[in-house]
Amino acid sequence: MGTALLIAIFLPFAALVILPLAGRVLGPRVGWLALVFPVISAGIIINLALGTESFGQQTVAYTWVPVLGVELSFLVDGLSLFYGLVVSVMGVLITFYAANYLDGHYEFHGRFYAYLMLFMAAMLGTVFANHLVLLFIFWELTGISSFLLIGFLHGEKKSRYGARMALLVTGITGLVLMAGLLLLGIVAGEFSMAALLTAPPTDVPVGLLGGAFLLVAIGSFGKSAQFPFHFWLPNAMAAPTPVSAYLHSATMVKLGVFMVARVYPIFVDLEWWTPLLVAIGFLTMALAAVLAILSHDLKAILAYSTVSQLGFLIGFYGMGGLGGTHYDLLHVVNHVFFKGCLFMVVGIVDHATHTRDLRQLGGLGRRMPLLAVIALLSAASMAGLPGTLGFLSKEYMLKDAFYFAEAGADWRAWYPLALIVLASVLKVAFSIRLFWGIFGGAASPAVKEHFHHPGLLIQLPPLLLAACCLVFGFAPGAIAAFSETLAVGGLHLPGAPEIKLWHGVTRELITSMAIVAAGAVIFALGAATAWRWARIPLPLQFDTGFEAGVERLPKAALNLSRFLRDNKPLDYIPVIGLFLVVFLGGYFAYHWERFEVFDDFSFQEGFHYLRSFVVLLILLAVIGVVALPRWTTQLLSISIVGFLVTFYFVLFRAPDLAMTQILVESATLLLVLLLLSRFPRSAELGERRSPFSPLRKAVNLIVAVGIGGCVGLFSFLTSRQKVDDFAGLWFLERTVPDAKGTNAVNTILVDFRGLDTLFEIAVLVIAVLGAIGLLMRYRRSRQEYAEGALGASGFSVKGVRRRQ
Amino acid sequence: MMFETAILVGILFGFAVWLILQSSFVKILFGFILLSNAANLAMLSSSGSPSGRSAPVVLDGIAVTAMADPLPQALVLTAIVIGFGVLSYLVVLLYRIFLDQKTTNAAELFDESRSQEGGPEQ
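So, how was this worked out
- Residues numbered from 1 in each chain as written.
- Chains lettered and ligands numbered in written order.
- Predicted model: local features only at pLDDT ≥ 70, side-chain atom pairs only at ≥ 80, totals over all residues.
- Heavy atoms only, no water.
- Helix = DSSP H or I, 4+ residues; strand = E, 2+ residues; numbered from the N terminus.
- Buried < 20%, exposed > 50% of the residue type's maximum accessible area, 1.4 Å probe, protein only.
- Contact = heavy atoms within 4.5 Å.
- Areas by Shrake-Rupley, 256 points an atom, 1.4 Å probe, with all protein chains shown as cover.
- Expected span 1.5 Å × (residues − 1).
- Polar contact = N/O pair within 3.5 Å; in protein donor to acceptor, adjacent residues only side chain to side chain.
- Core = buried A, V, L, I, M, F, W, Y, C linked by side-chain atoms within 4.5 Å.
- Phe/Tyr/Trp six-rings, centres within 6.5 Å; stacked < 30°, edge-to-face > 60°.
- Lys NZ or Arg CZ within 6 Å of the ring centre and 35° of its normal.
- Patch = residues over 30% accessible without salt bridge, like charges linked within 9 Å, V, L, I, M, F, W, Y side chains within 5 Å.
- Salt bridge = Lys/Arg side-chain N within 4 Å of Asp/Glu carboxyl O.
- Bend = angle between axes of the 7 residues up to and from the residue.
- pLDDT = per-residue confidence, 0-100.
- Axes fitted to C-alpha atoms, helices over the stretch in contact; angles between N-to-C directions.
- Parallel < 35°, antiparallel > 145°, perpendicular 65-115°, else oblique.
- Buried area = accessible area lost by both parts, 1.4 Å probe.
- Nonpolar A, V, L, I, M, F, W, Y, C, P; charged D, E, K, R; others polar.
- Left-handed = near helix turned anticlockwise from the far one by under 90°.

Undergrad: Can you lay out the overall build of chain B for me, pointing to particular residues and giving the numbers?
TA: When you go through chain B residue by residue, the secondary structure sums to four helices and zero strands. Starting at the N terminus, the α and β elements of chain B follow one another as α-α-α-α. Burial status across chain B gives 61% buried among its 122 residues. Long-range contacts, defined as pairs at least 24 residues apart, comprise 50% of the intrachain contacts of chain B with a sequence gap of at least 6. Summed over all atoms, the accessible surface of chain B reaches about 4300 Å², with 65% contributed by carbon and sulfur.

Rendered as structure tokens:
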């Protein structure tokens with residue numbers, strides 16, 4: 001079983017390499033090649049599902065990152081198999097549909113199918129994942145592939161915005177989910193989902209467990225587009241229609257629902273489970289139904305109706321009692337059938353007429369009779385008309401809501417029922433509108449102009465789904481058997497009541513009929529007023545607000561960095577210096593006691609007379625550097641400092657240093673003098689005035705004095721101790737026997753640390769090469785500057801043009 | 001105990017930093033020269049007081065423990081040479097800036113309002 005499951009999950013990843021390459025050769029026909037992957041996965045999972053037992057649970061584990069305790073482990077039980085089936089079988093249908101849908105008008109077919117397969121693999125990984133970290137990784141992978149697919153038509157602004165919005169919302173809530181899963185794993189001390197499900201954590205702090213639940217719930221709300229995250233899904237409709245049908249109605253957006261079902265046994269005991277899920281779920285259900293009736297775009301209507309259904313599913317799990325639930329799979333599978341079908345129908349309509357606006361469509365019934373039948377069946381299922389699977393779903397939905405209302409303590413228990421009725425009425429209304437708007441009435445001008453007939457093959461997948469709506473609607477026994485086989489411990493109650501088509505005249509039936517009637521009335525009212533009033537009010541346009549926020553964020557960041565940043569490098573140096581002063585000075589001040597700076601101070605020991613005299617001379621020379629007016633005199637003062645330092649080296653018993661310093665000092669004097677001689681007098685005069693403000697001068701002074709003080713103190717502290725076994729002792733002992741030289745400094749440089757000297761020479765070579773490059777660049781003319789940085793680069797002698 | 005050396009290092013560092021904080025490139029260059037001297041002295045002073053020690057040249061009759069530490073001297077020698085290399089590069093760079101930008105002042109170089117004669121014009 002393990003290997004087969006691994007193939008089902010990881011084989012589609014191979015498509016990432018194969019399909020883009022094949023796409024270059026095959027073009028639009030690559031879709032038929034892509035069909036291989038979902039067929040294999042679906043075959044394996046169907047095979048697994050056939051061999052499964054009710055309430056069975058198996059895990060498959062491979063070591064992955066043993067250091068972190070992360071395993072590549074998968075959990076096979078009813079729930080994961082159910083979603084695995086949905087994902088892979090829908091994958092087959094969608095790929096078949098897409099192979100017909102994406103014709104030569106589209107580009108990058110190979111890439112499209114590669115993304116689609118990536119998504120399918122990620123989805124399968126998510127639903128089968130056993131380790132919590134693995135679950136999160138696959139979860140985010142679905143979000144990334146969703147981003148790639150929504151933004152597939154990246155030439156359109158709507159696609160880019162929709163993709164970004166989906167990525168931000170699902171990505172950020174995904175991180176919240178990660179926090180929740182990690183918290184759950186840490187609190188329970190167990191990262192394996194199978195172990196958590198069989199033995200839910202009991203004696204753990206309720207606050208922490210509740211926190212984990214809240215975070216997981218937010219993650220699920222984000223993915224399943226629950227209020228207040230509901231706005232991203234309609235914007236994700238910018239994707240090609242196969243993607244909308246697959247990701248944004250049938251599979252990915254159900255991940256939140258899946259997650260709630262998955263963690264049901266773990267969190268259901270919590271006090272917050274029912275209030276949170278019921279409140280958010282049913283609010284979303286009703287709100288999205290309202291938004292759907294206010295929309296005109298076919299895909300927007302379907303998107304909002306998806307959000308509405310997802311809200312119901314979340315709320316449904318919220319209503320579930322302690323023991324478990326019944327028939328959640330009925331509601332999910334019903335939605336997969338009719339919504340997937342409707343999306344495909346809409347895609348075909350869009351393809352045939354080049355418009356998705358209900359106000360411009362009409363009269364297609366006569367032109368596409370087969371499609372009209374398909375749409376009629378699926379719309380009837382969405383509206384919940386008798387004879388379809390949707391009718392059964394609505395019956396049991398109302399049954400559960402009635403039961404919940406009766407069992408509840410006060411009026412708040414009626415909240416789900418009221419919102420379900422409201423949403424269902426609206427759903428009936430927009431189902432009729434959807435069908436009638438496309439197929440009923442006379443052909444509109446837009447239809448007459450653009451219509452071209454769709455092929456038969458593209459209508460096969462929706463036909464299949466519509467047939468499922470009808471067949472299962474009349475044969476509920478199959479659904480019951482299906483649910484029974486895929487039941488999961490902790491989530492489902494054993495021995496579910498039989499699903500029957502006819503219960504007699506019950507309150508559910510009467511309510512259902514009243515809903516249909518009310519929905520028809522609303523449709524009639526809307527049609528009479530030509531839906532002129534239907535417009536989403538501004539306060540409900542969450543996406544506009546979100547988009548504005550996203551747009552404003554970079555601007556705010558830009559303003560902040562403009563406020564903090566300065567374009568002049570000169571202004572940074574005092575800041576860095578000031579930091580050093582505060583850091584070092586603070587350190588010294590804080591540890592002042594420890595250093596015992598003046599503890600054994602004496603003037604006799606502290607000052608050496610000859611060195612002190614040299615220091616005095618250097619001090620005078622340094623003052624000259626700052627006080628003297630001319631550059632040349634300043635340079636001479638600098639030189640005097642250098643030569644006095646040479647003498648200081650002599651006092652330090654460092655003859656080699658003194659030799660080097662005297663040479664370098666002479667060369668420096670000549671070199672800088674040469675430079676200064678090239679500057680005109682005006683340049684020097686122009687600099688008498690300091691451009692700095694008094695404040696800046698004060699800061700400079702503080703930095704200079706501070707750094708001088710700190711380094712002086714540091715130097716004093718390091719030189720205070722008189723040690724007898726200093727580091728260089730080893731060199732002194734080894735210099736004659738090893739290096740055959742008496743001067744230890746010389747032997748260190750050329751023998752012991754010869755490589756260092758080599759690198760030192762390399763530094764000099766680099767400096768010389770740099771200097772040559774700078775000197776040989778000829779002056780560029782105005783015209784050459786105007787040509788830009790790459791125009792007329794100059795390794796050339798001054799005045800000689802290499803290029804005219 | 002080498003108060004005078006510590007004071008010297010402190011003063012040299014202070015003046016060097018002051019010069020580097022100026023806007024004139026020539027002053028910055030002078031600051032760099034001073035800074036390099038100051039850093040060398042700070043390094044050397046870490047070998048302790050030289051009083052009563054001889055130069056690190058091994059000759060008969062002098063105990064090695066009575067010599068100055070050769071290691072800081074070797075390091076400083078390298079530093080002097082590299083400091084000179086960098087200085088000569090800076091000198092040439094400064095010359096180049098003057099040729100291209102017609103200024104020896106950093107504040108003027110980065111002044112956006114200045115019309116750059118012969119410079120890049122957008």
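Undergrad: If you had to explain helix α14 (residues 273–293) of chain A to someone new, which residues and values would you point to?
TA: Note that an α-helix has 3.6 residues per turn; residues three or four places apart therefore point the same way. For α14 of chain A, with 21 residues, the first-to-last C-alpha span of 30 Å sits near the 30 Å given by 1.5 Å per residue. Burial of α14 of chain A is extensive: 16 of the 21 residues sit out of reach of the surface.

Undergrad: Please give an account of the side chain of S378 of chain A that cites residues and values.
TA: All names here are of chain A. Its place among the elements puts S378 in helix α17 (residues 369–383). Within the structure, the side chain of S378 is placed 3.2 Å from the backbone oxygen of A375, a separation counted as a polar contact. In this view, S378 contacts F338, C341 and L342; residues no more than four positions away in its chain are not counted.

Undergrad: Which residues make up the nonpolar core, and what are the values?
TA: By size, the foremost hydrophobic cluster in this structure holds 195 residues, and its most contacted members are Y113, L116, F128, W232 and F267 of chain A. Not counting residues within four places of it along the chain, the set of residues in contact with W232 of chain A comprises M165, A166, V169, T170, G222, K223, A225, H248, M252 and V253 of chain A. W631, F679 and V711 of chain A together with L8 of chain B belong to the second largest nonpolar core, which has 69 residues in total.

Undergrad: So what's going on with the packing of aromatic side chains? Residues and values would help.
TA: Residues and elements named next belong to chain A. Scanning the entire structure with this criterion turns up 32 aromatic pairs over all chains. Taking the centre distance of 5.2 Å and the plane angle of 70° together, the rings of F731 and F752 count as edge-to-face. Taken as a pair, F731 in helix α33 (residues 729–739) and F752 in helix α34 (residues 744–752) lie far apart in primary sequence, 21 residues in all. Here the aromatic cluster, defined as three or more aromatic residues joined through ring pairs, consists of F213, Y264, F267, W273, F282, F312, F316 and Y317. Here R611 stacks its cationic end above the ring of F652, 5.7 Å away from the centre of that ring. Positioned over the ring face of F692 is R696, at 4.3 Å from the centre of the ring.

Undergrad: Now, about a nonpolar patch on the surface: what can you tell me, with residues and values included?
TA: Residues and elements named next belong to chain A. A cluster of nonpolar side chains, I7, L16, V17, I18, L21, L33, V36 and I40, forms an exposed patch at the surface whose accessible area comes to about 620 Å². Broken down by element, the nonpolar patch gets its largest block of residues, five residues, from helix α1 (residues 2–26). If you trace the backbone, L16 turns up in helix α1.

Undergrad: For α1 of chain A, give the residues involved together with the corresponding values.
TA: All names here are of chain A. Between its first and last C-alpha, α1 extends 34 Å over 25 residues, near the 36 Å set by a 1.5 Å rise per residue. Of all the bends in α1, the greatest, near 35°, is centred on I18, and the proline P20 appears no more than four residues after it. Considered for burial, the residues of α1 that qualify are G2, L5, A8, I9, P12, A15, L19, A22 and G23. Buried residues in α1 make contact with α2 (30–34), α3 (36–50), β1 (57–65), β2 (70–77), α5 (109–128) and α6 (132–150). Of the residues one or two after α1, G27 is the one with positive phi, at around 65°.

Undergrad: Run through the confidence of the model for chain B, naming residues and quoting values.
TA: On average, residues of chain B carry a pLDDT of 85, and 89% of them reach 70 or more. Across the whole predicted complex the pTM is 0.70, and at the interface the ipTM reaches 0.91.

Undergrad: Lay out the packing of helix α2 (residues 25–45) of chain B against helix α3 (residues 70–101) of chain B with the relevant residues and their values.
TA: Working note: a packed helix pair is described by the angle between its axes plus the distance between those axes. Interhelical geometry of α2 of chain B versus α3 of chain B gives an angle of 175° and a closest axis separation of 10 Å. Judged by the angle between their axes, α2 of chain B and α3 of chain B are roughly antiparallel.

Undergrad: Kindly report on the interface of chain A and chain B, identifying the contributing residues and their values.
TA: Tallying the contact residues gives 101 residues for chain A and 86 residues for chain B. Buried area between chain A and chain B, both sides added, is near 9000 Å², and the carbon and sulfur share of it is 74%. At the boundary of chain A and chain B, one finds one salt bridge. Inspection of the chain A/chain B interface yields 12 residue pairs in polar contact (both at pLDDT 80 or more). The residue makeup of the side of chain A that touches chain B, split by class, is 62 nonpolar, 20 polar and 19 charged.

Undergrad: Explain the environment of R630 of chain A residue by residue, including any values.
TA: Residue and element names in this part refer to chain A. Looking at the secondary structure, you find R630 in the loop between α28 (609–627) and α29 (631–651). Note on R630: relative accessible area 32%, which makes it partly exposed. Separated by 54 residues in the primary sequence, R630 and E684 place their C-alpha atoms 7.8 Å from one another. For R630, the residues in contact, after removing those within four places along its chain, are R681, E684 and R688.

Undergrad: Which residues make up the environment of F542 of chain A, and what values do they have?
TA: Residues and elements named next belong to chain A. Note that F542 resides in helix α24 (residues 542–564). Along the primary structure F542 and P228 are separated by 314 residues, whereas in three dimensions their C-alpha atoms are 8.2 Å apart. Excluding anything up to four places from it in sequence, F542 contacts F227, P228, H230 and F231.

Undergrad: Before we move on, could you go through the confidence of the model for chain A and cite the residues and values that matter?
TA: On average, chain A scores 85 in pLDDT, and the residues at 70 or more come to 94%. When the criterion is pLDDT under 50, residues 789–804 of chain A qualifies, and its contacts beyond four places in sequence or with other chains add up to 29 contacts.

Undergrad: How would you explain the packing of helix α18 (residues 389–407) of chain A against helix α19 (residues 415–439) of chain A if you had to name every residue and give the values?
TA: Residue and element names in this part refer to chain A. Viewed as axis vectors pointing N to C, α18 and α19 meet at an angle of 155°, and their least axial separation amounts to 9 Å. In terms of their interaxial angle, α18 and α19 are classed as roughly antiparallel. Relative to α19, α18 is oriented so that their crossing is left-handed. Mapping the contact onto sequence places K394, M397, L398, A401, F402 and F404 in α18 and P416, L417, I420, V421, S424 and V428 in α19. Its residues assigned to classes, the contact of α18 with α19 shows 10 nonpolar, one polar and one charged.

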